[in-house]
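If you want the building blocks of each chain, they are given just below.
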Amino acid sequence: DIIGTKFNEIFMLRRPVLHVGEPGLVSRTIVGRKLGTSLRVHELVEELPRIISGERIIELDMEADHSDHLLAAITDRLINEVLV
């Protein structure tokens, strides 16, 4: 339940993310920042067809600021919080 570097690449593409798994940091980040949605495994069979058909809309914030996930920001944070 960590947000790895692949998530940052997806966020920058502004494509909706479908997280499948237990609630945690990843699901809270995706839903809270309007980057996609999260489903538990047992919800997938019912909800995925609704998403594909457009019956269930995934809210996506196209204006979200993802600059805190850019390499420069991560490097600055590493230097300031860990190495100093």
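Check the entry above for the structure.
Heads up: these notes are all about the structure in this document. On a predicted model such as this, the values are computed, not experimentally measured, just so you know.

This paragraph deals with the overall build of the chain. Broken down by element type, the chain carries 4 helices and 2 strands. The globule rule puts the C-alpha radius of gyration for 84 residues at 12 Å, and the 15 Å found for the chain is more than 25% above it. Along the first, second and third principal axes, the C-alpha set of the chain runs to 50 × 25 × 15 Å. Scored against the burial criterion, the 84 residues of the chain give a buried share of 23%. Of all intrachain contacts in the chain linking residues separated by at least 6 positions in sequence, the fraction that spans at least 24 positions is 40%.

Across 4 bridges, strand β1 (residues 17-20) lies against strand β2 (residues 36-39) in parallel orientation. Residue pairing in the sheet places L18 in a bridge with T37 of β2. This β-α-β element, β1 to helix α2 (residues 25-32) to β2, shows right-handed connectivity.

A word on the nonpolar core. Formed by F11, V17, V26, I30 and L35, the largest nonpolar core amounts to 5 residues. In this structure I30 touches F7, V17, H19, L35, G36 and T37, once residues within four positions along its chain are discounted.

This next bit is on the pattern of salt bridges. In total, this model carries 4 salt bridges according to the counting rule given. The network of salt bridges with common partners includes E47, R50, E55 and R56.

Thresholds, definitions, all that
Residues numbered from 1 in each chain as written. Predicted model: local features only at pLDDT ≥ 70, side-chain atom pairs only at ≥ 80, totals over all residues. Heavy atoms only, no water. Helix = DSSP H or I, 4+ residues; strand = E, 2+ residues; numbered from the N terminus. Rg over C-alpha atoms; globule rule 2.2 N^0.38 Å. Buried < 20%, exposed > 50% of the residue type's maximum accessible area, 1.4 Å probe, protein only. Contact = heavy atoms within 4.5 Å. Pairing = 2+ DSSP bridges. Right-handed = clockwise from strand over helix to strand, strands pointing away. Core = buried A, V, L, I, M, F, W, Y, C linked by side-chain atoms within 4.5 Å. Salt bridge = Lys/Arg side-chain N within 4 Å of Asp/Glu carboxyl O.

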